[in-house]
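Understanding the architecture of this molecule
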Number of protein chains: 2
Amino acid sequence: MRLLPLFVTAAATLLIGAGPAKLTPNDIVAKSPSSAWQAIDPDDLLVMDLANGGRVVIQLAPAFAPVHVANIRALARGSYWNGATIYRLQDNYVAQWGLNDSDKGFPAGVVAKPSAEYTRPLKGLAITRLGSPDPYAPGAGFVDGWPVAYSPKAGWADLTHCYGTVGVGRDLSPDTGTGGELYAVIGHGPRQLDRNIAIVGRVVEGIDRLSSLPRGTEALGFYKDKAQYVPIAGIRLASDMPAPDRPAFEVMNTASATFAKYLRVRANRNDDFYIRPAGGVDLCNVQVPVRRKG
Amino acid sequence: MRLLPLFVTAAATLLIGAGPAKLTPNDIVAKSPSSAWQAIDPDDLLVMDLANGGRVVIQLAPAFAPVHVANIRALARGSYWNGATIYRLQDNYVAQWGLNDSDKGFPAGVVAKPSAEYTRPLKGLAITRLGSPDPYAPGAGFVDGWPVAYSPKAGWADLTHCYGTVGVGRDLSPDTGTGGELYAVIGHGPRQLDRNIAIVGRVVEGIDRLSSLPRGTEALGFYKDKAQYVPIAGIRLASDMPAPDRPAFEVMNTASATFAKYLRVRANRNDDFYIRPAGGVDLCNVQVPVRRKG
């Protein structure tokens, strides 16, 4: 019996078939010009090191939740997360971390009650349209490397809950969370949370360090025993790390011709494995390419 | 600082606020009449026991891929999967298992080259409509407990790749796979695979036993060393297990009034955590309720 891979590799694709090779999304990323990429500011990279040696790197989104993001920077710089853990793992939903029920005070500069940064004005944003219908909003697309939903009529735009999205845990409204307790999506994008909670970024490396953790057995995926909590060794901004140690990333420019091609192929997979291209794509299935720089 | 759960529990919801409690999807399941449920035939339950003690239970979908499902039953009854392992874990995509590159022959009754059971005729299916746009197909909804996409014009319907969906690994077309190599979705629904591969069921219990496994580091998430393969102790049909040991499940009738209410609330979360109901929902975010019976 042959090996039955779900996908053949890009290399294999090029060897099979007489016609011209049809590109996969990965092919487009591999062949992209450097002009299609934008460096991520090290002030926008939050580096979470787990005590087990794993590293999770998060790109922050100050254009969408400026006060929550400023809080997160102040929490990192003020060593607020010393002693923090991952204390919740709910399957097909989120991993959540922070100090949980601690009474620890905030470092200077943290806004204790930020406004509800759940949407921002659409005005001034240059949107690359998804080109497929979105069940959650009148419009969907990409702005400056981020997946967004929007309403031209109501005039708002918002970041969306996709795999790897990072948001701010909060209590019931009017609480909006501070940024001290964060979660990352590890399952099918729970888009019902859009516009109900502050999204502050996305995991750009190491999501598997969260998604492969044991699931919590208490209600909502909380770990039952503190012994199960996953210790966090430290959370720092890349900009506060010594230059040689800093991880550096770049994101594909979503206004580029390369991204337009990538988006078209995501919606119309016609490489050799596929026999019926979909002709459409879900916003969360168009992961904007992010890669290590240099 | 308060605990900041991402969600309050249903019980807490009932205690907060002066107005009538607004129901969560879980509340609707909890209050549902037994008439809203249908037992799953034990011939349609595939029980995979891992050597580490974990159990994964899969509901088969013979109405959509009858030959592939018949193959899977014959493979289970013929002990084909003795020595099988989980050999691939690709983050945000699939867990895959079987005998990988073995040359083992098939038991009697296995069709070596099934036809491409990627769609079925729409005719005769009673569809409960999703009521939200679908990026991948002209229509989306539910048939007999299953999420489906469909085209009234072209006359097809198909099962969809959502979290927990189980499909058949295959090589390049015209290969359609036999059922010997199976995968389960452990990330955002890769709907681009719809109509390109045979879907044979969904995990109804124990998906966390797959989703929490370490990710493979080779291309496409294959484990690098055979020592990393996760051994499978056995794969049986529930109908072949001694009656006292058989797990029994029931699925919500997707033609019931209870499911209609559940669907409405999934698209319009207005329990106390939510401040802005979405007014729409993605097919894969309407997990059809399945529960242990008795």
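Sequence order sets the numbering: in each chain, residues are counted from 1 along the sequence as written. A letter from A marks each chain and a number from 1 marks each ligand, given out in the order of writing. Residue-level local features of this predicted model are given only where pLDDT is at least 70; pairs of side-chain atoms are given and counted only at 80 or more, and the full residue set underlies all totals for whole chains, interfaces and linings. As a convention, hydrogens and water are excluded, and side-chain values are obtained from all of the structure's heavy atoms.

Residues and elements named next belong to chain B. Two strands are counted as paired when DSSP detects at least two bridges linking them. Each helix is a run of DSSP H or I of at least 4 residues and each strand a run of E of at least 2, with the numbering of both proceeding from the N terminus. Strand order in the open sheet formed by 5 strands is β6-β10-β9-β8-β7, and the pairing between neighbours is antiparallel. Unpaired on one side and paired on the other, β6 (120-121) and β7 (128-129) mark the two borders of the sheet. Strand direction decides the pairing type here: β7 and strand β8 (residues 139-143), joined by 2 bridges, are antiparallel. The residue of β8 that forms the bridge with R129 is G141.

All right, on to the interface of chain B and chain A then. Between two residues, a contact is recorded if the distance between any of their heavy atoms is within 4.5 Å. Facing 71 residues of chain B, the contacting portion of chain A comprises 71 residues. When the two sides are added together, the surface that chain B and chain A hide from each other amounts to roughly 6,500 Å², 58% of it contributed by carbon and sulfur. Salt bridges are defined as contacts in which a side-chain nitrogen from Lys or Arg sits within 4 Å of a carboxyl oxygen from Asp or Glu. Seen at the junction of chain B and chain A, the total is 0 salt bridges. Throughout this description, a polar contact denotes any pair of N or O atoms lying within 3.5 Å of each other; where both atoms belong to protein, one of them has to be capable of donating a hydrogen while the other can accept it, and for residues adjacent in sequence the pair is counted only when both atoms sit in side chains. Linking chain B with chain A are 25 residue pairs in polar contact (both at pLDDT 80 or more), by the criterion used here. Looking at the side of chain B that touches chain A, the elements with two or more residues in it are β5 (94-98) and α4 (207-211) of chain B. When residues of the side of chain B that touches chain A are assigned to their parent elements, the largest contribution, 3 residues, is made by α4(B). Buried area, as used here, totals the accessible surface that two parts lose on assembly, with accessibility defined by a 1.4 Å probe and the loss added over both.

With that settled, consider the packing of aromatic side chains. Note on ring pairs: Phe, Tyr and Trp rings are taken, using the six-membered ring of Trp, and paired if centres are within 6.5 Å. Classes follow the plane angle, with under 30 degrees stacked, over 60 edge-to-face and the rest tilted. Counted under the stated rule, the structure contains 14 aromatic pairs over all chains. For the ring pair Y87(B) and F222(B), a centre distance of 6.0 Å and an interplane angle of 10 degrees mean the geometry is stacked. With a gap of 135 residues between them, Y87(B) in strand β4 (residues 85-90) and F222(B) in the loop between α4 and β14 (230-237) connect regions that are remote in the sequence. F222(B) matches Y87(B) in its accessibility class, with the two residues each being buried. An aromatic cluster is built from Y80(A), W81(A) and F106(A), whose rings are joined through pairwise contacts. Over the ring of W146(B) we find R202(B), and its NZ or CZ is 4.0 Å from the ring centre. It is R291(B) that lies over the ring of W37(B); its NZ or CZ is 3.7 Å from the centre. Each residue is assigned to one of three classes by its accessible area relative to the maximum for its type, calculated with a 1.4 Å probe on protein chains only: buried under 20%, partly exposed between the two thresholds, exposed over 50%. For a lysine, the NZ atom is tested; for an arginine, the CZ atom; a charge sits over a ring if that atom is within 6 Å of the ring centre and within 35 degrees of the ring normal.

Let us now look at the sheet that holds strand β15 (residues 249-252) of chain A. Residue and element names in this part refer to chain A. Sheet architecture is open: 3 strands sit in the order β1-β15-β16, paired in antiparallel fashion. Two strands bound the open sheet, and with one partner strand each, they are β1 (37-39) and β16 (290-292). Each neighbouring strand pair of the sheet contributes to a mean axis angle of 30 degrees, computed without reference to strand direction. In the sheet, β15 pairs with β16 via 3 bridges, with the strands oriented antiparallel. Each bridged residue has a counterpart across the sheet, and for E250 the counterpart in β16 is R291. Lines fitted to C-alpha atoms define the axes here, with helix axes fitted over just the stretch in contact, and angles between the N-to-C directions of these axes take values from 0 to 180 degrees.

What follows is about the state of the cysteines. All names here are of chain A. Only a pair of cysteine sulfur atoms within 2.5 Å counts as a disulfide in this structure description. According to the stated counting rule, one finds 2 disulfides over all chains in the structure shown. Between the sulfur atoms of C162 and its disulfide partner C284 the distance amounts to 2.1 Å. Judged by the sign of its S-S torsion, about -75 degrees, the bond between C162 and C284 is left-handed. On the criterion of sequence distance, the pair formed by C162 in the loop between β10 (156-159) and β11 (165-168) and C284 in the loop between α5 (257-267) and β16 is long-range, its members being 122 residues apart. In this pair, the class of C162 matches that of C284, namely buried.

Keep in mind these numbers describe shape, not what the thing actually does.
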